[in-house]
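Notes for the structure review
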Amino acid sequence: MCLRYSSKNYFTCLSITYAGYSRYQGPHYCYLVCSTTMDGIGYLLYVTALVLVLTFPCIMEYLNDSNTMMADTSQQAQFDVPLIREADVIDHEDSSLFMLYTTFGGNYSSERLQEIVATLSSNANLAIVAGVHILSDPATVVAMKALSHNSKIKFIAHSGQPTYQDLFSALNQRTASHQLGVVMNADIQLDDQAFACLSLSSAPNSTIIALTRHPHPACPKVSGGAAGNPRLPLNLCLTRRQDGTYVNSADTFIVAPPVSQGVLRHLTHPQNRLGSENLMLYYFQQANYTIRNPCATIKTYHHHCVAERHASALRGASRVDGQGRKALLPRDQWTCPI
């Protein structure tokens with residue numbers, strides 16, 4: 001009889017506890033009721049259940065964090081790629097001038113993937129480059145396993161397709177005051193001798209260097225870069241239209257940190273969309289940045305020989321620039337001081 005009475009009051013008290021915050025002035029009221037109506041066993045059961053109820057959210061949060069850590073560890077073991085988080089602090093001891101930022105994602109043929117891996121490796125191995133940061137969804141990083149042993153290359157775990165806002169935010173966070181940040185496409189290869197012409201004073205505050213590419217020496221004149229756009233294998237840096245104007249194109253952007261928040265808040269569009277670079281430069285212009293393009297001297301090369309191109313970048317795909325097409329790129333004369 002006593003046990004049944006205790007059990008009855010045990011469950012009654014749990015009900016009072018559950019609703020007590022609004023109807024019974026909190027769990028302390030239930031404690032006063034139960035302490036006078038339960039025997040020792042029932043009271044012990046009640047206190048145990050009360051502790052579990054009150055700590056349940058904390059327990060679930062701990063388990064969730066543990067599962068996340070285990071998943072990250074498992075992911076690291078599976079991909080064998082050094083993943084870091086966007087909030088992780090970077091070591092700025094390297095005295096090299098350039099810190100590179102790019103993205104990777106999507107499905108590629110093995111041939112196209114080899115081009116991208118070779119380009120990223122080539123850039124990372126340059127003495128003038130302090131590091132290469134690749135914003136990528138962890139699910140796609142496995143394709144870049146060949147880069148996992150290059151200590152200069154860091155994969156930043158990023159959910160979804162990164163935007164230019166993500167890239168320049170990473171540049172602001174991870175580029176030291178003695179360095180220049182470089183946001184670029186993953187298949188753009190730097191000319192180390194040409195980039196040696198640049199110094200910290202080459203891109204003073206409120207200046208961005210936007211470079212138009214040259215064709216890669218390894219690619220034939222009719223190459224994969226032309227898929228859907230016959231102009232792409234041409235030398236976009238030097239080619240003029242019939243009206244005498246230069247092609248409005250750039251793939252590499254050099255700037256000293258920090259990029260202003262007035263620019264960043266507009267850069268919510270990703271790379272690899274027709275007109276995305278025009279739109280990005282338009283917002284830099286609106287923030288009174290000076291745009292320079294000495295592409296004839298500071299050379300970059302488009303390593304895209306394979307006949308493969310994303311549908312969003314094909315000629316005829318929808319454009320994202322709108323009024324950003326007004327941001328025409330100059331061609332600057334640049335004298336190398338070396």
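Residues numbered from 1 in each chain as written. Predicted model: local features only at pLDDT ≥ 70, side-chain atom pairs only at ≥ 80, totals over all residues. Heavy atoms only, no water.

Considerations on the overall build of the protein chain
- Secondary structure summary: the protein chain contains eight helices and eleven strands in total.
- Here the protein chain holds 338 residues, and the buried ones make up 46% of them.
- Of the roughly 17400 Å² of accessible surface on the protein chain, 56% is carried by carbon and sulfur atoms. (Helix = DSSP H or I, 4+ residues; strand = E, 2+ residues; numbered from the N terminus. Buried < 20%, exposed > 50% of the residue type's maximum accessible area, 1.4 Å probe, protein only. Areas by Shrake-Rupley, 256 points an atom, 1.4 Å probe, with all protein chains shown as cover.)

Structural notes on the pattern of salt bridges
- One pass over the structure, following the stated rule, counts four salt bridges.
- With its nearest N and O atoms 2.7 Å apart, the salt bridge here joins Asp187 to Arg112. Placement of the pair is Asp187 in the loop between β5 (180-184) and β6 (188-190) and Arg112 in helix α4 (residues 110-124), with a sequence separation of 75 residues. Each member of the pair, Asp187 together with Arg112, is buried.
- Close ionic contact of Asp251 with Arg213 constitutes a salt bridge, the shortest N to O distance being 2.9 Å. Of this pair, Asp251 sits in the loop between β8 (214-215) and β9 (252-255) while Arg213 sits in the loop between β7 (207-211) and β8, and the two are 38 residues apart along the sequence.
- Three or more residues are tied together by salt bridges with common partners; here these are Arg112, Glu115 and Asp187. (Salt bridge = Lys/Arg side-chain N within 4 Å of Asp/Glu carboxyl O.)

Some remarks on the state of the cysteines
- Going through the model one piece at a time under the given rule, you end up with three disulfides.
- In this model, Cys197 is linked to Cys336 through a disulfide, with the two sulfur atoms separated by 2.0 Å. Where Cys197 bonds to Cys336 through sulfur, the torsion about that S-S bond is close to -95 degrees, and the disulfide is left-handed. Taken together, the residues span a long stretch of sequence, with Cys197 in the loop between α6 (192-195) and β7 and Cys336 in the segment after β11 (300-302) at a distance of 139 residues.
- Accessibility expressed as a relative area gives 27% for Cys336, which makes it partly exposed.
- The disulfide bridge from Cys237 ends at Cys295, spanning 2.1 Å between sulfur atoms. As the torsion about the S-S bond is roughly 90 degrees, the Cys237-Cys295 disulfide counts as right-handed. (Disulfide = S-S within 2.5 Å.)

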